[in-house]
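# Fold and geometry: a report
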Amino acid sequence: GESVGLHLPTLSVQEGDNSIINCAYSNSASDYFIWYKQESGKGPQFIIDIRSNMDKRQGQRVTVLLNKTVKHLSLQIAATQPGDSAVYFCAENIPGANNLFFGTGTRLTVIP
Amino acid sequence: SQTIHQWPATLVQPVGSPLSLECTVEGTSNPNLYWYRQAAGRGLQLLFYSVGIGQISSEVPQNLSASRPQDRQFILSSKKLLLSDSGFYLCAWSVFRGDYEQYFGPGTRLTVT
């Protein structure tokens, strides 16, 4: 479900280091997952997705890992840059639902 | 290509005044449409979604309402705003094409004074 009442967890990383953002999802039947990036004052933007029949998917500097056993999703950002500073949301699709279910979000701050 | 528009971008309204936020989508047909609210420093709260003209599902009881008068138009309204209605309002659309990705608009920053 949505934890909209909670303040966002934060993660600070040094520029050039790798970042790992974690997300626990709620429904074992969820079959599709997305990571979104939201910069300040803007709408969320798609980063990468993964289906439940996969464990790992790679994009440009980003990797998503899915562990269905523990219902855990992670986003890895390689060589983090200042432009990566944003709030990152995971979202899950539950079959039969008409909408995605978003996680709380994590605020990533990159220290130059 | 598909685009989504929201207006106004920012709005300052007094308590008790009405509200109308508009969202339009171009380049797709029969999309699912969504309204979210995001309080400062917090996550996304789904307010309404619509799977077709005139079809609105409300996720959270409140003093807001939504309407879909046309296929690609989604409107968020209130008759009397409350201070707690302040926030960042996001419209999104999706079309099932084997995945469920939602595409978000630029958002409207509403401040109720």
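Now for a description of the structure that goes with this document. Residue positions are counted from 1 within each chain, in the order its sequence is given. Chains and ligands are labelled by the order in which they are written, letters from A for the one and numbers from 1 for the other. With pLDDT at 70 or above as the cut-off, local features in this predicted model cover only qualifying residues; side-chain atom pairs require 80 or more to be listed or tallied, and sums for whole chains, interfaces and linings still use all residues. Excluded from the side-chain calculations are hydrogens and water; all other atoms, namely the structure's heavy atoms, are used.

### Side note on the pairing of strand E3 (residues 19–26) of chain B
Note on pairing: DSSP must find at least two bridges between two strands before they are called paired. To qualify as a helix, a DSSP run of H or I must reach at least 4 residues; to qualify as a strand, a run of E must reach at least 2; elements of each kind are numbered from the N terminus. Across five bridges, the pairing between strand E1 (residues 3–7) of chain B and E3 of chain B is antiparallel. Its bridge partner being in E3 of chain B, Ile4 of chain B is matched across the sheet by Val25 of chain B.

### Quick look at the interface of chain B and chain A
A contact between two residues is defined here by any heavy atoms of the two lying within 4.5 Å. The interface is formed by 23 residues belonging to chain B together with 26 residues belonging to chain A. Interface area for chain B against chain A, summed over the two sides, is near 2000 Å², with a carbon-plus-sulfur share of 51%. Within 3.5 Å is the distance limit for a polar contact, defined as a pair of N or O atoms, with the added protein rule that one can donate a hydrogen and the other accept it, and that residues adjacent in sequence qualify only through two side-chain atoms. For the pair chain B and chain A, the interface holds two residue pairs in polar contact (both at pLDDT 80 or more). Counting only elements with at least two residues in the side of chain B that touches chain A, the list comes to strand E4 (32–38), strand E5 (44–52) and strand E9 (87–94) of chain B. For the side of chain B that touches chain A, the leading source of residues is E5 of chain B, giving five residues. Take the accessible area each of two parts loses on contact, using a 1.4 Å probe, and add the two losses: that sum is the buried area.

### Observations concerning unusual backbone geometry
Geometrically, the link from Trp7 of chain B to Pro8 of chain B is a cis peptide bond, its omega value of 0° lying close to zero. In this structure, Pro8 of chain B sits in the loop between E1 and strand E2 (10–13). Even without a glycine there, the phi angle at Ala79 of chain A is positive, about 45°. Mapped onto the elements, Ala79 of chain A comes out in the loop between strand E7 (72–77) and strand E8 (86–93). One non-glycine residue, Asn30 of chain B, lies in the positive phi region at around 50°. Along the chain, the position of Asn30 of chain B falls in the loop between E3 and E4.

### Re the sheet that holds strand E2 (residues 19–24) of chain A
Residues and elements named next belong to chain A. Strands sit in the order E2-E7-E6-E5 across an open sheet of four strands; the sheet is antiparallel. In this open sheet, the two edge strands, each paired with only one partner strand, are E2 and strand E5 (56–58). Strand after strand, the sheet turns through a mean of 15° between neighbouring axes, direction not considered. Where E5 and strand E6 (residues 62–67) come together, three bridges link them in antiparallel fashion. Paired with Lys56 across the strands is Leu65, a residue of E6. For every element, the axis is a line fit to its C-alpha atoms; helices are fit only across the contacting stretch, and the angle between N-to-C directions ranges from 0 to 180 degrees.

### Some points on the pattern of salt bridges
By salt bridge we mean one thing: a side-chain nitrogen of Lys or Arg within 4 Å of a carboxyl oxygen of Asp or Glu. Under the definition given, this model contains seven salt bridges over all chains. Close ionic contact of Lys68 of chain A with Asp55 of chain A constitutes a salt bridge, the shortest N to O distance being 3.3 Å. Placement of the pair is Lys68 of chain A in the loop between E6 and E7 and Asp55 of chain A in the loop between strand E4 (45–51) and E5, with a sequence separation of 13 residues. Across the pair Asp71 of chain B and Arg68 of chain B runs a salt bridge whose closest N-O atoms are separated by 3.3 Å. Under the relative-accessibility criterion, Arg68 of chain B is labelled buried at 3%. Residues joined by salt bridges that share partners form a network here, namely Lys37, Glu39 and Lys42 of chain A. Buried means the residue's accessible area, taken with a 1.4 Å probe over protein chains only, is under 20% of the maximum for its type, while exposed means over 50%, and partly exposed covers the values in between.

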